[in-house]
Amino acid sequence: MFTIVFIAVPTDLIDTPLFSREIPPTDWSWPVLILSAVLTGLVTATYVAHPEGAPPSRAAGRVGMAGWLVTFFAVGCPVCNKLVLLALGTTGAMQFFEPIQPYLAAASIVLLGWAFYARMTRENSCQLPARADAEVEALDRVH
């Protein structure tokens, strides 16, 4: 929910008096934003508990943040984004930036999906502690 609000308000997918949009959103803006928000939530959830013995992975976190940021550029208005306007101007934003937004949307989903996959496989790679002999004997007696 945080991701949806944090991206949808400044990109004016959620209409507020704080921001305006010169070009209407595309048909794929909301589905991309919702899918990105779900993946962002899944990646964030992997940081809640870190098993002992699992090696830390900064790369997956960076890829997840990059995917989240790319989502912002993918669903935003091409001429409302100040960074794009400074770099390309209004005409450049419409001619060069707007056509690559669907690719940015796909890239954001791939990046977030990879970050989630990397976090999940990294978490599963931790070593299990050895059980004590008494615990093993007790389990043998039960079975």
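As the structure is a computational prediction, the values presented were derived from the model and not from experiment. (Residues numbered from 1 in each chain as written. Predicted model: local features only at pLDDT ≥ 70, side-chain atom pairs only at ≥ 80, totals over all residues. Heavy atoms only, no water.)

1. Concerning the overall build of the protein chain
Alright, step 1. For the protein chain, the count of helices and strands is five helices and zero strands.
Alright, step 2. Its helices and strands taken in sequence order, the protein chain reads α-α-α-α-α from the N to the C terminus.
Alright, step 3. Taking all 143 residues of the protein chain together, 34% fall into the buried category.
Alright, step 4. Counting only contacts in the protein chain whose residues sit at least 6 apart along the sequence, the fraction spanning at least 24 positions is 73%.
Alright, step 5. Summed over all atoms, the accessible surface of the protein chain reaches about 9200 Å², with 67% contributed by carbon and sulfur. (Helix = DSSP H or I, 4+ residues; strand = E, 2+ residues; numbered from the N terminus. Buried < 20%, exposed > 50% of the residue type's maximum accessible area, 1.4 Å probe, protein only. Contact = heavy atoms within 4.5 Å. Areas by Shrake-Rupley, 256 points an atom, 1.4 Å probe, with all protein chains shown as cover.)

2. Some thoughts on the packing of aromatic side chains
Alright, step 1. All told, the structure shown has three aromatic pairs when counted by the stated rule.
Alright, step 2. Seen from their ring centres, Phe 2 and Phe 6 are 5.2 Å apart, and the 25° between their planes marks the pair as stacked. Placement of the pair is Phe 2 and Phe 6 together in helix H1 (residues 2-8), with a separation of four residues, close to one helical turn.
Alright, step 3. Take Phe 6: its relative accessible area is 43%, and that puts it in the partly exposed class.
Alright, step 4. Feature note: the residues Phe 2, Phe 6 and Trp 68 constitute an aromatic cluster, connected by ring pairs. (Phe/Tyr/Trp six-rings, centres within 6.5 Å; stacked < 30°, edge-to-face > 60°.)

3. Here's the deal with helix H2 (residues 29-45)
Alright, step 1. Taking 1.5 Å of rise per residue, 17 residues should cover 24 Å, and H2 covers 24 Å from first to last C-alpha, within 8% of that figure.
Alright, step 2. Along H2, the residues that are buried comprise Ser 29, Val 32, Leu 33, Ser 36, Ala 37, Leu 39, Thr 40 and Val 43. (Expected span 1.5 Å × (residues − 1).)

4. A word on the environment of Phe 96
Alright, step 1. Structurally, Phe 96 is set in helix H4 (residues 82-123).
Alright, step 2. Here the alpha-carbon distance between Phe 96 and Pro 78, two residues 18 residues apart in the chain, equals 9.4 Å.

5. Some details on the nonpolar core
Alright, step 1. Residues Ile 4, Ile 7, Ala 8, Leu 13, Val 32, Leu 33, Ala 37, Trp 68, Ala 74, Val 75 and Ala 105 constitute the largest nonpolar core, which totals eleven residues.
Alright, step 2. For this core, the elements supplying multiple residues, two or more each, are H1, H2 and helix H3 (58-75).
Alright, step 3. Those residues in contact with Ile 7, other than ones at most four positions away along the chain, are Leu 33, Trp 68, Thr 71, Phe 72 and Val 75.
Alright, step 4. Ile 23, Val 84, Ala 93 and Phe 97 belong to the second-largest nonpolar core, a separate cluster that totals six residues. (Core = buried A, V, L, I, M, F, W, Y, C linked by side-chain atoms within 4.5 Å.)

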